[in-house]
Amino acid sequence: MAINHQHLRAFNMVAIEGSFTKAARRLNISQPTLSQHIKALEGRYGQKLFEARRSPLRLTPIGTDLLALTRDMFATSNEIENLLRDRVSGKNRLVRLAADSPTYAARLTNALISSDPRTDIEVQICNAQDTLNLLLDARADIAIVSDPHIDSRLAYKPLFVDCLNVVVSRGHRLAGQAVFPLAALSSECLLIREQTSKTRAATESLLETLEVSPRRLLPMHSREAIREAIALGLGVSMFFSSECPPDARLAIVPPDIQPNSALLTGYLVCRSEQARSSMIRTVYEAASRLMPESQAAGVTGAGRVVGDG
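The structure reproduced in this document is the subject of the present report. (Residues numbered from 1 in each chain as written. Predicted model: local features only at pLDDT ≥ 70, side-chain atom pairs only at ≥ 80, totals over all residues. Heavy atoms only, no water.)

Glancing now at the sheet that holds strand β4 (residues 154-162). The 5 strands are arranged β2-β1-β3-β10-β4 in an open sheet whose pairing can be described as mixed. The outermost strands of the open sheet, each flanked by one partner alone, are β2 (120-125) and β4. When the angles between neighbouring strand axes are averaged without regard to direction, this sheet yields 20°. Here strand β1 (residues 94-99) runs beside strand β3 (residues 142-146); their pairing, made up of 3 bridges, is parallel. Bridging from a neighbouring strand, Leu97 pairs with Ile142 of β3. The sheet strands contacting helix α9 (residues 278-288) are β1, β3, β4 and β10 (264-271), and the helix crosses β10 at an angle near 160°. (Pairing = 2+ DSSP bridges. Helix = DSSP H or I, 4+ residues; strand = E, 2+ residues; numbered from the N terminus. Axes fitted to C-alpha atoms, helices over the stretch in contact; angles between N-to-C directions. Contact = heavy atoms within 4.5 Å.)

Turning our eyes to something else, we now look at the packing of helix α1 (residues 5-17) against helix α3 (residues 31-45). The geometry of α1 relative to α3 is characterised by a closest axis approach of 8 Å and an angle of 110° between their N-to-C directions. Compared by their axis directions, α1 and α3 come out roughly perpendicular. Of the residues in α3, those touching α1 at Gln6, His7, Leu8, Ala10, Phe11 and Val14 are Leu34, His37, Ile38, Ala40 and Leu41. Of the residues belonging to the contact of α1 with α3, the class tally is 8 nonpolar, 3 polar and no charged. (Parallel < 35°, antiparallel > 145°, perpendicular 65-115°, else oblique. Nonpolar A, V, L, I, M, F, W, Y, C, P; charged D, E, K, R; others polar.)

A few words now on empty space enclosed by the protein. One way to see where empty space is left: roll a probe the size of a water molecule over the atoms. Inspection of every chain in the model, using the stated rule, returns 1 cavity of 30 Å³ or more. Computed from the structure, the largest cavity encloses a volume of approximately 50 Å³. Every residue lining the largest cavity is listed: Leu191, Ile192, Arg193, Thr199, Arg200, Thr203, Ile226, Ser237 and Met238. Elements supplying a minimum of two residues to the lining of the largest cavity: β6 (189-192), α7 (198-210) and β8 (236-240). Among the elements that take part in the lining of the largest cavity, α7 stands out by supplying 3 residues, more than any other. In the lining of the largest cavity, the residues fall into 4 nonpolar, 3 polar and 2 charged. (1 Å grid on protein atoms, 1.4 Å probe; cavity = no way out; pocket = protein on both sides within 12 Å on 5 of 7 lines; lining within 4 Å. Points joined across faces, edges and corners; volume = space filled by probe spheres on them.)

Time to look at the pattern of salt bridges. The full count for this structure, using the stated rule, is 13 salt bridges. One salt bridge connects Glu17 with Arg153, and the closest N-O pair in it is separated by 2.8 Å. Of this pair, Glu17 sits in helix α1 while Arg153 sits in the loop between β3 and β4, and the two are 136 residues apart along the sequence. (Salt bridge = Lys/Arg side-chain N within 4 Å of Asp/Glu carboxyl O.)

The next subject is the pairing of β3. The buried fraction of β3 amounts to 5 of the 5 residues, a majority that puts the element mostly inside the structure. With burial as the criterion, each face of β3 is covered, one bearing Ile142, Ile144 and Ser146 and the other bearing Ala143 and Val145. Sheet analysis places β3 next to β10, joined by 4 bridges and oriented antiparallel. Residue pairing for β10: Ala143 is matched across the bridge by Val269. (Buried < 20%, exposed > 50% of the residue type's maximum accessible area, 1.4 Å probe, protein only.)

This part covers the packing of helix α5 (residues 102-115) against α9. Orientation of α5 relative to α9, taken along the N-to-C sense of each, is 110°, at an axis distance of 9 Å. Considering the angle they form, α5 stands roughly perpendicular to α9. Where α5 abuts α9, its residues Leu108, Ala111 and Leu112 lie against Thr282, Val283, Ala286 and Ala287.

Bringing the nonpolar core into the picture now. Ranked by internal contacts, the top residues of the largest apolar core, which has 43 residues, are Leu108, Ile144, Phe180 and Leu268. For this core, the element with the most residues is α9, which contributes 6 residues. In contact with Leu108, other than residues within four places in its own chain, are Leu97, Ile144, Leu268, Val283, Ala286, Ala287 and Leu290. Counting 19 residues, the second-largest nonpolar core is a separate cluster that includes Val14, Ile16, Leu49 and Leu66. (Core = buried A, V, L, I, M, F, W, Y, C linked by side-chain atoms within 4.5 Å.)

Attention now goes to the packing of aromatic side chains. Applying the stated rule across the entire model yields 4 aromatic pairs. On the numbers, 5.7 Å between centres and 55° between planes, the contact of Phe11 with Phe50 is tilted. Here Phe11 is found in helix α1, whereas its partner Phe50 is found in the loop between α3 and α4 (61-86), with 39 residues between them in sequence. We note that Phe11, like Phe50, is buried. Between Phe20 and Phe50, the aromatic rings sit 6.1 Å apart at their centres with planes inclined by 55°, giving tilted as the arrangement. Residue Phe20 is found in helix α2 (residues 20-27), and its partner Phe50 is found in the loop between α3 and α4; the two are separated by 30 residues along the sequence. Here Phe20 and Phe50 have matching classes, each one buried. Put simply, the rings of Phe11, Phe20 and Phe50 touch in pairs and so form one group of aromatic residues. Positioned above the aromatic ring of Tyr104 is the side chain of Arg107, whose terminal nitrogen or guanidinium carbon lies 4.9 Å from the ring centre. One Lys or Arg, Lys157, reaches over the ring of Tyr284 and ends 5.2 Å from the middle of that ring. (Phe/Tyr/Trp six-rings, centres within 6.5 Å; stacked < 30°, edge-to-face > 60°. Lys NZ or Arg CZ within 6 Å of the ring centre and 35° of its normal.)

Now for the environment of Ile62. When you line up the elements, Ile62 lands in helix α4. In this structure the C-alpha to C-alpha distance between Ile62 and Gln47, which are 15 residues apart in sequence, comes to 7.8 Å. Discounting residues that sit within four places of it in the chain, Ile62 has contacts with Gln47, Lys48 and Leu49.

Here's what the structure looks like:
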């Protein structure tokens, strides 16, 4: 009798997720049904695949070997499905993209559509953790995430490196300078993002390293609100260069010091079992055309005024 692929898929998902509850949710089946599939697989071959059923789940040696094979098996199966689906006349490929960077989400979307106009794309913008959750829950195919925590269930490919710039009003006394002396922030009102923001974390790390305390900290929680406040002369702020707001009322001035702690690395992230699929290869190819622009993202002109065009 041929091996039961449903049982193998159940095992593969439990092993990848490390949880019967999460695996059942991913497969859209009940947890008792999932457990029955695993028991049937173990019982048929007389092999124990998990050391114990309680968390954290640990694979037996044969379970570890089987996971390596099922990863390859289902990755190949997905490639076959994508290949055949792509050959259906008039059917577009759908790519579900989640990202914590609106700028790079837009750039990647443009690159994908430019490479194949038949591509349909769904884009969701949220914070880094929610972006990863969408990916892990199979509600997204690919994600753009800044400095993510490493997860063995995911595959990572660097997309861009970014750094901080100071954004001031066009009439600010330092708007035309080659660099912004960060010590000068001691006399400024610094507009900052919400607590979970990567921009805020990098800004605070930079200030702590330099032992600089702004005259006042004013949380405003969104790029749009901060942009308007800067234009009104309420204060200055720091943006990663790829997200500096296009606004003729503002000027971007590189800081005089840029330690490594202020750098941000963005990654393309997908589920490990999808890493070799034709869809992900297509995304990687499109992303590769962004690399020259991405690598230059941290380079800005001195006192650059950014217009809407």
